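# Topology and contacts: notes
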Amino acid sequence: MDLSLFELKKLRNYLHDEIGIYVEDEKLDSIYKRKLLKLIKEFEYKDFGSFFKDLVLKKSSRLKQELINVFTVNETYFFREKYQFDTLINIVLPEIDSIRDKNEVIKILCAPVSTGEELYSIAIILMEEGELIKKRDFLLLGIDIDSDAIEKAKKGEFSERSVHKLPDEIKKKYFKKVGNKYIAKEFLKNAVNFKIVNVMDKYAMKRLGEFDVIFSRNMLIYFDEKSKREVIATFYSMLKNNGYLFLGHAERIPSDIKLFKSMKLGESFVYKKVTDS
């Protein structure tokens with residue numbers, strides 16, 4: 001069995017409509033074709049037509065989820081672009097702490113969270129700073145559409161590659177080394193929460209509540225312009241007044257969108273929600 005470019009495009013377009021991610025034609029054949037053939041074989045389909053029919057008719061939620069898992073990218077590591085974490089802990093969170101009611105929980109969202117390194121990094125930097133978590137409670141939530149990634153995040157098991165930026169004392173303090181794996185200690189796992197959520201599902205997103213800070217790094221670059229604008233609007237509606245949005249270093253909010261104020265804090269470019277009148 002083989003997959004034609006036409007069939008690959010049908011799958012690409014279906015996925016774009018469902019979750020907003022767009023894959024260029026050249027990547028379909030060079031990167032994803034082999035993975036998709038493996039998936040179709042695992043589900044024991046003899047031809048593309050029956051596979052695609054069951055996918056579109058939603059005969060199997062697992063089939064759709066496994067297809068999503070094929071197309072989502074999960075390469076990351078602890079404290080990637082560390083200057084953003086420094087801006088968070090040294091500038092953004094002290095400001096938010098000063099303007100929120102003393103009994104209010106500060107809530108941070110990572111979307112997408114992939115296998116959890118980013119959210120665990122935020123938990124670690126909060127624990128290392130120490131003073132903010134003595135003053136008030138924090139809620140750290142990570143979401144991703146990839147069910148495999150979320151399961152890995154919950155387990156808290158990481159490779160040498162994932163922790164290569166961490167000093168030895170941090171590794172010893174927060175992880176247990178088993179073979180070539182680093183396993184997050186229970187107190188670290190208890191500090192974070194993970195859920196499977198599609199960022200393109202506005203209602204599922206809004207059910208998560210409002211947040212003081214949203215990290216969404218290196219996701220928007222995979223979206224077309226329409227999907228990108230929809231997600232930015234969703235983030236705006238989920239942020240509390242004076243909340244902050246962190247994007248990847250190569251990502252920018254289009255200049256004609258006036259929902260956020262762009263600013264440089266420390267070494268980071270961040271977006272602050274324009275206060276509702």
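Presented here is an overview of the structure given in this document.

Procedures and definitions
- Residues numbered from 1 in each chain as written.
- Predicted model: local features only at pLDDT ≥ 70, side-chain atom pairs only at ≥ 80, totals over all residues.
- Heavy atoms only, no water.
- Helix = DSSP H or I, 4+ residues; strand = E, 2+ residues; numbered from the N terminus.
- Rg over C-alpha atoms; globule rule 2.2 N^0.38 Å.
- Buried < 20%, exposed > 50% of the residue type's maximum accessible area, 1.4 Å probe, protein only.
- Contact = heavy atoms within 4.5 Å.
- Areas by Shrake-Rupley, 256 points an atom, 1.4 Å probe, with all protein chains shown as cover.
- Lys, Arg positive; Asp, Glu negative; His and termini not counted.
- Charge placed at Lys NZ, Arg CZ, Asp CG, Glu CD.
- Pairing = 2+ DSSP bridges.
- Axes fitted to C-alpha atoms, helices over the stretch in contact; angles between N-to-C directions.
- Parallel < 35°, antiparallel > 145°, perpendicular 65-115°, else oblique.
- Nonpolar A, V, L, I, M, F, W, Y, C, P; charged D, E, K, R; others polar.
- Polar contact = N/O pair within 3.5 Å; in protein donor to acceptor, adjacent residues only side chain to side chain.
- Salt bridge = Lys/Arg side-chain N within 4 Å of Asp/Glu carboxyl O.
- Arc of directions from axis to C-beta.

When helices and strands are tallied, the chain shows 12 helices and 10 strands. In terms of C-alpha radius of gyration, the chain reaches 20 Å, essentially the compact-globule figure of 19 Å for 277 residues. When the backbone C-alpha atoms are referred to their principal axes, the chain occupies close to 60 × 50 × 30 Å. The 277 residues of the chain split such that 52% are buried. Put simply, 74% of the contacts in the chain that link residues at least 6 apart link residues at least 24 apart. Element-wise, carbon and sulfur atoms account for 50% of the exposed surface of the chain, whose accessible area totals about 14,000 Å². Positive and negative side-chain charges in the chain, numbering 51 and 45 respectively, have mean positions lying 1 Å apart.

With 6 bridges connecting them, strand β9 (residues 260-265) and strand β10 (residues 268-273) associate as antiparallel partners. When the bridges of β10 are listed, S262 appears paired with Y271. Here β9 folds back onto β10 in antiparallel fashion, the turn holding 2 residues, of which G266 has a positive phi close to 65°.

Strand pairing in a sheet relies on backbone hydrogen bonds. The paired strands run either parallel or antiparallel. Pairing is mixed across the open sheet formed by 7 strands, whose spatial order is β6-β2-β1-β7-β8-β10-β9. Edge positions in the sheet fall to β6 (193-196) and β9, since each of these pairs with one other strand and no more. Across the sheet, the mean angle from the axis of one strand to that of its neighbour is 25°, orientation sign disregarded. Relative to the sheet, helix α6 (residues 117-129) contacts β1 (106-110), β2 (138-144), β6 and β7 (211-216), its axis offset from that of β2 by approximately 165°.

The subject of this paragraph is the packing of helix α1 (residues 5-19) against helix α3 (residues 48-56). Axes are the key here: two packed helices are described by the angle between their axes and the distance separating the axes. Relative to each other, α1 and α3 sit at 10°, their axes nearing to 12 Å. As the angle between them shows, α1 and α3 are arranged roughly parallel. Judged by residue contacts, E7, K10, L11 and Y14 of α1 engage F48, F51, F52, L55 and V56 from α3. For the contact of α1 with α3, the class distribution of residues is 7 nonpolar, no polar and 2 charged.

In this section: the pairing of β7. Within β7, 6 of the 6 residues are buried, which leaves it mostly tucked inside the rest of the structure. Across 5 bridges, the pairing between β7 and strand β8 (residues 239-247) is parallel. Paired with V213 across the strands is Y244, a residue of β8.

In this structure, D101 sits in the loop between α5 (82-99) and β1. Here D101 falls in the partly exposed class, since its relative accessible area comes to 48%. Among the polar contacts made by the side chain of D101, one reaches the main-chain amide nitrogen of N103 at a distance of 2.9 Å.

The next subject is the pattern of salt bridges. For the coordinates displayed, the defined rule picks out 24 salt bridges. When the shortest N-O distance is used, the salt bridge between R217 and E81 registers 3.6 Å. Placement of R217 in the loop between β7 and α12 (225-238) and of E81 in the loop between α4 (61-71) and α5 is noted, with a sequence separation of 136 residues between them. Like E81, R217 is buried. Because the salt bridges share partners, they merge into one network encompassing R100, E104, D212 and K240.

Taken together, the buried positions of α3 are F48, F51, F52, D54 and L55. Down the axis, α3 shows its buried residues gathered within 165° of arc, on one side only. Where α3 is buried, its residues contact α1, α2 (25-42) and α4. Here α3 starts with a cap whose side-chain oxygen sits 3.1 Å from the backbone nitrogen of G49, and that cap is D47. Immediately beyond the C-terminal end of α3, within one or two residues, lies K58, with a positive phi of roughly 60°.

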